[in-house]
Amino acid sequence: MPPLMPRPHPLWILVTLLGGFNPDAWAEEPSCATPGVTAAAKVPGAASGSTPQAPDTSGNIDVTSDAATLGVDGTAQLHGNVQVHQGEREIRANEVQYNPQDESVRTDGHIDYNDPLLHVAGDGGGSYSAERGAEFKSAHFDLHQRSARGTAADMSVTPAGLVSLKGVTFTTCPVSSNGWQIKADSIVLDTHSQTGTGRNAQIDFMGVPLVYLPWLSFPLGGERKSGFLFPTIGNTSSSGLQVAVPYYWNIAPNADFTFLPTEYSRRGPDLGGDLRFLTQDQRGEVQWNFLPDDSQYHGSRSRVQINEVAELPDDFRLTIDAQNVSDPLYFQDFSQTPEGTSTAFLERRATLSYRDEHWSVDGEAQQYQTIDDTLPVYSRPYARVPRLAVDSAYTWHDMLHYGFDSELVNFRHADGATGPMGWRGELMPAVSLDLTGPGYFLRPAYAWRLTQYELTELLPGQPSSPSRTLPIASLDAGLVFERETGSRNQRKLTLEPRILYLDVPYRNQDQLPVFDTALPDLTPVELFNTNRFVGADRVSDANQVSMGVTSRLLDARSGRQFLAATFGQTYYFGTPRVMLPGETPITARRSDFVAQLALSAYQDWSADMGVQWDPQNGRSERTQVNLQYKPAPQTVINVAYRYERFVQEPVFVQGVPVQCAPLVAGPATCDSRGFDQVDISGAMPIRRDWNVFVRDVYSLRDNKELERFAGFEYRSCCWRLRLGARRYLSSFNGSQDTGIWLQLELAGLAGVGSASDTSLSEEIRGYIPADANTQRHRAP
């Protein structure tokens, strides 16, 4: 069974000894190199990032010095530049007493000890023998495997690689800075079993004690280990101060569990958890939160999420993806991201699928929990219990393609939704010819679509078994022109025109229900689909030609794309007559004009733009512009503009239209959509060790801030501090909340405070946080 990927290590003091800290982390940080410390690469047998092993002590002891005084008992007093070698161990001192009987050396003065594990300088003297190992007083030690150092009042190293320290201090900071350090009464490192234990340990930051632990255990390698994680700290105006003390349980190499109890000052305790498991044929995760008594809500609150994929025999697969919350206000109260106001539904889905070269079979049960309780009941999605889809695809001589798509679905009401429900069955056999050659393609296709319904809960006069049959004929053709350009023909410029003729006869579909069908945003991709609707309840009639052209600028050798521009439009020989309820009829002889432009790899700049233009009314229906400057992974500036024309569309409730005048506030039962927003975000250094993070989302239509975020970061070579504040929409009615977070990261240990790297990556597009071994806490 494969092991799980390691989680951040629990509060393991000296975890940097040994695998808990990524040696490549903070590659761009100021150097933590300690003057006078021997680099691992210069010590035989020491490799950066390798697992510590007991040093080789085989061979005789070799002793050299400038002078020696021999005693009658065979002992020797060595003076001046004394060097003792045995295997991979080396000892240097100015004066040493050597006993040849047990091959031991001892000194009361300064001693310098070196092996592949560590370098020790003992100011209070020390001793060494092949049988007993080494002992030191008032020792200063440096670890070759990690950038770390410390002191110990007493220190011993056995030949088997057991390191015992008393009166210990430890840090990854350089000699010139003790930003943080660990103090412990005793620590024992067993390099054979790859474990360490400590007693009476304390972590200090800037001389201030942060955490005290009477006992702790930690790994000396990259293994996961059970134990407490660092506390997380945060604050919001709705929940107050929150403190979490996670506990990590390493159940098995392929299973682990994180218990995450959290205390909210205004709500009470939250008993959260995260269980993961992984086998050769199965992987899954269960996350949950449970508040027994939310004092603000006056009741219990909960959230559960299940994700599982099981590979079954004979090419079958079972996939489960389900979420549930106790109440619609859960995300608004506990999420500190845009998820709080952007989550309208939670999906619960279980799928049993089969795949082979020619067949695809899906058996599915799907249902939704409505989170946005402001949505009218007629806008809430149906449950599909069950859904069965069977598709086949065959090819003859890589030219003739034939097969069919089929689906059988039972649509049921959920969350108090109203309207018709029942079964829908569909079968669509299809055949196409693929004539492709250098610089061209020609693909004629023909399909026949048959749809049948069996309905209940209908209004008087509505048929219970409506059906629809129609043919779909298309001809898709395109050309690709290329030419080399640039001073040395290092660029390639393409011109790719494409045309699609589509012929679908009109069928009156007004008696058909609308279970899962909608009108998607118009894009260059949608122009070349054979149905302008998404879903099977409507098939648009068509006698039309869609034309588009794409031009790309590429690197002639690597194929890397620098620029891509696409333009397109559909021309109607006959205007489409099939409409969704409430959809504005099409009267123009051509569709909206769509264009997309993507610019990348131009030094540190990139941009993408898209527009949907209505030529009949001379206005934009939808516009999106994203501009990014990114000279480094942690330095990025984004400027974005998003626009969708505001409309209030008529909707149908139990077949009765409810009319709303466009751009005028109507009754609550009318559907409104559209936005006009500017989004500016960035992360950048302002001084050598200082970074700032900002984001502002502003609604031009409402003349108000939708989200404001600002924070700063101070980063030294061995610790990092972040402070940030965020004002954001926390409910669907437009109310806002304020959150403040503070995060302290100690290089080689973990973070104290709410982990913010994930949040920053979501807030600032393109931002890549430096890997500082941050202990991550997933917010509800």
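What you see is a predicted model; the values in this text were computed from it and never measured.

Examining the overall build of the protein chain
Then step 1. A tally of helices and strands in the protein chain yields four helices and 47 strands.
Then step 2. When contacts within the protein chain are restricted to residue pairs at least 6 apart in sequence, long-range pairs at least 24 apart make up 51% of them.
Then step 3. Approximately 37300 Å² of the protein chain is accessible, and the part contributed by carbon and sulfur atoms is 56%.

Quick notes on the pattern of salt bridges
Then step 1. Applying the stated criterion to the full structure yields 43 salt bridges.
Then step 2. Residue E621 pairs with R619 through a salt bridge whose shortest N-O separation is 3.4 Å.
Then step 3. Here R642 makes a salt bridge to D679, at a shortest N to O gap of 3.4 Å. Taken together, the positions of R642 in strand 39 (residues 635-649) and D679 in strand 42 (residues 671-687) put the pair 37 residues apart, joining distant regions of the chain.
Then step 4. Classification of D679 by relative accessible area gives buried; the value is 6%.
Then step 5. Here the residues in one salt-bridge network are E364, R384, R387, E407, R424, D516 and D537, joined through shared partners.

Observations concerning the state of the cysteines
Then step 1. If you walk through the whole model with that rule in mind, you get one disulfide.
Then step 2. Bridging C173 to C718, the disulfide has an S-S length of 1.9 Å. Handedness of the C173-C718 disulfide follows from its S-S torsion of about 85°: it is right-handed. With C173 in the loop between strand 11 (162-171) and strand 12 (180-190) and C718 in the loop between strand 44 (704-715) and strand 45 (719-729), the pair connects residues that are 545 residues apart, well separated along the chain.
Then step 3. What makes C718 buried here is its relative accessible area of 0%.

Some words on the packing of aromatic side chains
Then step 1. Summed over all chains, the structure comprises 24 aromatic pairs.
Then step 2. Their ring planes at 45° and their centres at 5.1 Å tell us that F316 and Y354 sit as a pair that is tilted. Remark: Y354 occurs in strand 24 (residues 345-355) and F316 occurs in strand 23 (residues 316-325); sequence separation between them is 38 residues.
Then step 3. One aromatic cluster is present, built from ring pairs that chain together F205, W690, F712, Y714 and W719.
Then step 4. Here the guanidinium or amino end of R301 rests over the ring plane of Y297, the centre of that ring lying 4.1 Å away.
Then step 5. Positioned above the aromatic ring of F441 is the side chain of R443, whose terminal nitrogen or guanidinium carbon lies 4.1 Å from the ring centre.

Concerning the side chain of T169
Then step 1. Along the chain, T169 falls in strand 11.
Then step 2. Polar side-chain contacts of T169 include one of 2.5 Å to the side chain of T151.
Then step 3. Non-local contacts of T169, meaning those with residues more than four positions away in its chain, are made with F141, R149, G150, T151, Q181, I182 and K183.

Focus on the environment of T456
Then step 1. The residue T456 is located in strand 30 (residues 440-456) in this model.
Then step 2. Along the backbone, T456 and R412 are 44 residues apart, and their C-alpha atoms lie at a distance of 10.0 Å.
Then step 3. With near-sequence residues (within four places) excluded, T456 lies in contact with P420 and M421.

Comments concerning the pairing of strand 2 (residues 67-70)
Then step 1. Two elements, strand 2 and strand 3 (residues 76-86), share four bridges in a ladder whose sense is antiparallel. Residue A67 lies in a different strand from strand 3, and its bridge partner there is H79.

Concerning unusual backbone geometry
Then step 1. At the junction of V385 and P386, the peptide bond is cis and its omega measures out at -5° in the coordinates.
Then step 2. Relative to the elements of secondary structure, P386 occurs in strand 26 (residues 383-396).
Then step 3. Notably, N81 is not glycine yet its phi reads approximately 50°, a positive angle.
Then step 4. Mapped onto the fold, N81 is located in strand 3.
Then step 5. Overall, the relative accessible area of 43% leaves N81 in the partly exposed class.
Then step 6. One non-glycine residue, D315, lies in the positive phi region at around 65°.
Then step 7. Note on placement: D315 falls in the loop between strand 22 (299-312) and strand 23.

Examining the environment of A201
Then step 1. In this fold, A201 is placed in strand 13 (residues 195-205).
Then step 2. Looking at A201, the relative accessible area reads 2%, which means it is buried.
Then step 3. The spatial distance from the C-alpha of A201 to the C-alpha of D185 is 6.7 Å, given a sequence separation of 16 residues.

Topic: a negative patch on the surface
Then step 1. Together, D314, D315, D356 and E357 give the surface a local cluster of negative charge.
Then step 2. Note on placement: D314 falls in the loop between strand 22 and strand 23.
Then step 3. Owing to a relative accessible area of 63%, D314 belongs among the exposed residues under this scheme.

Brief notes about the nonpolar core
Then step 1. Of all hydrophobic cores here, the largest spans 44 residues; its most connected members are F136, F141, M155, L165 and W180.
Then step 2. Ignoring anything within four residues of it in the chain, the contact list for F141 reads L118, H119, V120, R149, G150, T151, A152, M155, L165, V168, T169 and F170.

Section: a nonpolar patch on the surface
Then step 1. Taken together, the side chains of F228, I233, L241, V243, V245, Y247, W249, I251, F259, L271 and F290 present a nonpolar region at the surface, about 910 Å² in accessible area.
Then step 2. Counting residues per element, the ones that place at least two in the nonpolar patch are strand 17 (240-244) and strand 18 (247-252).
Then step 3. Considering each element in turn, the nonpolar patch owes the most residues, three residues, to strand 18.
Then step 4. Topologically, L271 is positioned in strand 20 (residues 268-278).

Focus on the environment of A152
Then step 1. Summarising the element assignment, A152 is placed in strand 10 (residues 148-157).
Then step 2. Between the C-alpha atom of A152 and that of F141, which follows or precedes it by 11 residues, the distance is 7.9 Å.
Then step 3. Those residues in contact with A152 that lie beyond four places of it in its chain are S138, A139, F141, L165, K166, G167 and V168.

Some words on the confidence of the model for the protein chain
Then step 1. Of all residues in the protein chain, 83% have pLDDT values of 70 or greater, and the mean over the chain is 81.
Then step 2. Per-residue pLDDT, averaged within each element of the protein chain, yields its smallest value for strand 41 (residues 656-658) (41) and its largest for strand 31 (residues 467-479) (97).
Then step 3. Contacts from residues 6-30, a stretch scored under 50 in pLDDT, to residues over four places away or in other chains number 111 contacts.
Then step 4. Scored below 50 in pLDDT, residues 772-780 makes 38 contacts in the model with residues more than four places away or belonging to other chains.

Reading the values: rules and limits
- Residues numbered from 1 in each chain as written.
- Predicted model: local features only at pLDDT ≥ 70, side-chain atom pairs only at ≥ 80, totals over all residues.
- Heavy atoms only, no water.
- Helix = DSSP H or I, 4+ residues; strand = E, 2+ residues; numbered from the N terminus.
- Contact = heavy atoms within 4.5 Å.
- Areas by Shrake-Rupley, 256 points an atom, 1.4 Å probe, with all protein chains shown as cover.
- Salt bridge = Lys/Arg side-chain N within 4 Å of Asp/Glu carboxyl O.
- Buried < 20%, exposed > 50% of the residue type's maximum accessible area, 1.4 Å probe, protein only.
- Disulfide = S-S within 2.5 Å.
- Phe/Tyr/Trp six-rings, centres within 6.5 Å; stacked < 30°, edge-to-face > 60°.
- Lys NZ or Arg CZ within 6 Å of the ring centre and 35° of its normal.
- Polar contact = N/O pair within 3.5 Å; in protein donor to acceptor, adjacent residues only side chain to side chain.
- Pairing = 2+ DSSP bridges.
- Patch = residues over 30% accessible without salt bridge, like charges linked within 9 Å, V, L, I, M, F, W, Y side chains within 5 Å.
- Lys, Arg positive; Asp, Glu negative; His and termini not counted.
- Charge placed at Lys NZ, Arg CZ, Asp CG, Glu CD.
- Core = buried A, V, L, I, M, F, W, Y, C linked by side-chain atoms within 4.5 Å.
- pLDDT = per-residue confidence, 0-100.

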